[in-house]
Amino acid sequence: MSDRHLLDNPAWASLTGPHARFAERHGSALRYPDDVSPFFALPDDPGPADWSDLAALAGPGATVPVTGEAAAAPDGWEVVAHGAGVQLVGDDVVPASDDEAVRLQAADVPEMLDLVARTQPGPFRPRTIEMGTYLGIRRGGALVAMAGERLHPPGWTEISAVCTDPAFRRQGLASRLVLAVAAGIRARGETPFLHAAASNTTAIRVYEALGFRLRRRTTFATLRVPADVPVAVSARPAD
């Protein structure tokens, strides 16, 4: 049995835990539905059979985002993108609700997708909002900033999609939303965490000022499945 921390493999911990309702499976490989999230997951210390299951689940030529040790793919997998990242945990964050922050709903998704397209905070799909609570701030009726909950290992919730319209930056909106999302996480008795590119030193400084601390350095990679892998007949919901 692995003695690793849940946050060492957060997508797996999410899809085998609080987010099991989303999980699609082929053998030992799991994934979110494509319109929810691009993330796939393998068990700790994946072996050749696990990688074969992942290839079959994703399909020949598909791109698969992976993190940490799973980024060390076997021969035949193409590395499409590769970068250093950090994982920060919010043990010392003092959450704060915000009267201006409103809970975003399915009707807000077109605006959320537009804001994400303009600010590039990371993956956000039409059904990502189903992963957890998303909060936003509006000015003049327009959505100008948002943040929400993504991966959900037991006892932990990732804060993600933190973004602000360029015209409204340097007003502290993102920090306020992070603390407001953290307030909801703490109310459930859980601890917030988040990821950032190691090169995004400005954002990391902001998060550290809010009380987040570095837990570990990790690797973000996007891999391409070999073109000659077997195709899964269908991805079935995880048991």
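Here, every reference points to the structure presented above.
Residues numbered from 1 in each chain as written. Predicted model: local features only at pLDDT ≥ 70, side-chain atom pairs only at ≥ 80, totals over all residues. Heavy atoms only, no water.

Peer 1: Explain the packing of aromatic side chains here, please?
Peer 2: By convention here, two paired aromatic rings are described through the distance between centres and the angle between planes. One pass over the full model with this rule turns up five aromatic pairs. Ring centres of W51 and W77 lie 5.1 Å apart, and the angle between their planes is 75°; this geometry places the pair in the edge-to-face category. You can see W51 sitting in helix 2 (residues 48-58) and its partner W77 sitting in the loop between strand 4 (63-67) and strand 5 (78-89), a full 26 residues away along the chain. With relative accessibility at 5%, the residue W51 sits in the buried group. Taking the relative accessible area as the measure of exposure, W77 reaches 12% and is therefore buried. (Phe/Tyr/Trp six-rings, centres within 6.5 Å; stacked < 30°, edge-to-face > 60°. Helix = DSSP H or I, 4+ residues; strand = E, 2+ residues; numbered from the N terminus. Buried < 20%, exposed > 50% of the residue type's maximum accessible area, 1.4 Å probe, protein only.)

Peer 1: Explain the nonpolar core to me, please; I cannot follow it from the model alone.
Peer 2: Most often, soluble globular proteins keep nonpolar side chains buried together rather than apart. If you look at the biggest cluster of nonpolar residues, it comprises 26 residues, and the most contacted ones within it are I159, L177, V178, Y207 and F212. Residue assignment for this core shows that the elements contributing at least two residues are strand 5, strand 7 (134-139), strand 8 (142-149), strand 9 (156-164), helix 4 (173-187), strand 10 (191-197) and helix 5 (201-209). With eight residues, the single largest contributor to this core is helix 4. Here I159 is in contact with G148, V178, V181, A182, I185, P192, F193, L194 and F212, once residues within four sequence places are set aside. In terms of nonpolar packing, the next biggest core, distinct from the first, is built from 15 residues, L7, F22, A23 and W156 among them. (Core = buried A, V, L, I, M, F, W, Y, C linked by side-chain atoms within 4.5 Å. Contact = heavy atoms within 4.5 Å.)

Peer 1: Help me understand the pairing of strand 7 in this model?
Peer 2: Side chains on a regular strand alternate between the two faces of the sheet. Where strand 6 (residues 102-103) and strand 7 come together, two bridges link them in antiparallel fashion. Within the sheet, the bridge partner assigned to V102 lies in strand 7 and is G136. The antiparallel pairing of strand 7 with strand 8 creates a hairpin that spans two residues between the two strands, and G140 there sits at a positive phi of about 60°. (Pairing = 2+ DSSP bridges.)

Peer 1: Looking at this structure, I do not really get the pattern of salt bridges. What am I missing?
Peer 2: Where charged atoms from two side chains of opposite charge approach closely, those side chains can pair. Counted by the stated rule, this structure contains 18 salt bridges. A salt bridge links D45 to R4, with the nearest nitrogen and oxygen atoms 2.6 Å apart. Taken together, the positions of D45 in the loop between strand 3 (40-41) and helix 2 and R4 in the segment before helix 1 (10-15) put the pair 41 residues apart, joining distant regions of the chain. For D45, a relative accessible area of 49% puts it in the partly exposed group. A salt bridge links R150 to E158; its shortest N-O distance comes to 2.8 Å. Look at the salt bridges and you will find they share partners, linking D98, E100, R139 and R176 into a network. (Salt bridge = Lys/Arg side-chain N within 4 Å of Asp/Glu carboxyl O.)

Just distances and angles here, no functional claims.
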